[in-house]
Amino acid sequence: MKKAFLAAFGLVMLALPAQAQSADPSGTWVTQSGDTRVRIARCGAEYCGTIAASTYQKDTNNADPKLRDRAIVGVQMIWDLKPDGDGYKGQLYNPQDGKTYTGKLKVTSPKALQLSGCVFGGLICKSQTWTKVN
């Protein structure tokens, strides 16, 4: 009886769906437009992304006029990226419009990720696909 119970318990456990696990987004990624490279790495318990190279020189569209003359390389544009289902949620800064968005990131393959910036609590989102360069 005990063996039958253990066997049944084992079968039930195997039948349960596996907990979705987010793929590690670490690495250097090139934006869909190809004009910027972003290095994503661990920042404590979360992930963050810093601009590593760009065809843009300055953060000219920043909402804060005091920051518009700073170099774009080195700007942290992704922060507080935490696992959420099979992807991540966090904050995204878009240097092309100077705004910060609630963001979603999902690694879709070893060489691609989808990044979405959202407003109105996620009702309106714009997405793009980034390609891993290393």
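The rules we used
Residues numbered from 1 in each chain as written. Predicted model: local features only at pLDDT ≥ 70, side-chain atom pairs only at ≥ 80, totals over all residues. Heavy atoms only, no water. Phe/Tyr/Trp six-rings, centres within 6.5 Å; stacked < 30°, edge-to-face > 60°. Helix = DSSP H or I, 4+ residues; strand = E, 2+ residues; numbered from the N terminus. Buried < 20%, exposed > 50% of the residue type's maximum accessible area, 1.4 Å probe, protein only. Disulfide = S-S within 2.5 Å. Salt bridge = Lys/Arg side-chain N within 4 Å of Asp/Glu carboxyl O. Polar contact = N/O pair within 3.5 Å; in protein donor to acceptor, adjacent residues only side chain to side chain. Core = buried A, V, L, I, M, F, W, Y, C linked by side-chain atoms within 4.5 Å. Contact = heavy atoms within 4.5 Å.

Student: Honestly, the packing of aromatic side chains in this entry has me stumped. Any pointers?
Tutor: Pairs of aromatic rings are described using the distance from one ring centre to the other and the angle between the two planes. For the coordinates displayed, the defined rule picks out one aromatic pair. Ring centres of Tyr-47 and Tyr-88 lie 5.4 Å apart, and the angle between their planes is 80°; on these two criteria the pair is classed as edge-to-face. Here the residue Tyr-47 occupies a position in strand β3 (residues 46–54), and Tyr-88 occupies one in strand β5 (residues 87–94), the gap between them amounting to 41 residues. The buried category is assigned to Tyr-88, whose relative accessible area is 5%.

Student: Can you walk me through the state of the cysteines in this structure?
Tutor: Under the criterion given, the structure shown has two disulfides. Through a disulfide, Cys-43 is tied to Cys-48; the S-S separation comes to 1.6 Å. Cys-48 gets classed as buried once you look at its relative accessible area, which sits at 6%. The residue that forms a disulfide with Cys-118 is Cys-125, at a sulfur-sulfur distance of 2.1 Å. Taking the torsion about the sulfur-sulfur bond, which here is approximately 110°, the covalent link between Cys-118 and Cys-125 counts as right-handed. By sequence order of its bonded cysteines, the chain has the disulfide arrangement 1-2, 3-4.

Student: Where do I start with the environment of Thr-55 in this structure?
Tutor: Within the fold, Thr-55 resides in the loop between β3 and β4 (76–84). Each C-alpha atom of the pair Thr-55 and Thr-36 lies 6.6 Å from the other, and the pair is 19 residues apart in sequence.

Student: Sorry if this is basic, but what is going on with the pattern of salt bridges here?
Tutor: Charged atoms that come close allow side chains of opposite charge to pair. The final tally for this structure, using the stated rule, is two salt bridges. Note that Asp-59 and Arg-70 form a salt bridge whose closest N and O atoms lie 2.9 Å from each other. In this pair, Asp-59 is assigned in the loop between β3 and β4 and Arg-70 in the loop between β3 and β4, connecting sequence segments eleven residues apart. Residue classification places Asp-59 among the buried positions, given a relative accessible area of 0%. Note that Lys-106 is salt-bridged to Asp-86, the shortest N-O span being 2.9 Å. With Lys-106 in strand β6 (residues 99–109) and Asp-86 in the loop between β4 and β5, this pair connects stretches of sequence that are 20 residues apart. Relative accessible area serves as the criterion here: at 40%, Asp-86 is assigned to the partly exposed category.

Student: Explanation requested: the side chain of Ser-54 in the structure shown.
Tutor: Of note, Ser-54 is situated in strand β3. A distance of 3.2 Å separates the side chain of Ser-54 from the side chain of Thr-36, its partner in a polar contact. A polar contact is formed between the side chain of Ser-54 and the backbone nitrogen of Tyr-56, at a distance of 3.0 Å.

Student: I'm lost on unusual backbone geometry in this one. Help?
Tutor: With the exception of glycine, the majority of residues adopt a negative phi angle, and the majority of peptide bonds are in the trans configuration. Despite not being glycine, Asp-80 has its phi angle at roughly 55°, a positive value. Along the chain, the position of Asp-80 falls in strand β4.

Student: Would you mind showing me how to read the nonpolar core here?
Tutor: Soluble globular proteins tend to bury their nonpolar side chains together. Ranked by size, the top nonpolar core spans 18 residues in total, and within it Ile-40, Met-77, Ile-78, Leu-105, Leu-113 and Trp-130 carry the most contacts. Of all elements in the fold, only β2 (36–43), β3, β4, β5, β6 and β7 (112–119) reach the threshold of two or more residues within this core. Look past the residues within four positions of Trp-130 in its chain and what remains in contact with it is Trp-29, Val-30, Thr-31, Gln-32, Val-38, Met-77, Ile-78, Lys-111, Ala-112, Leu-113 and Leu-115.

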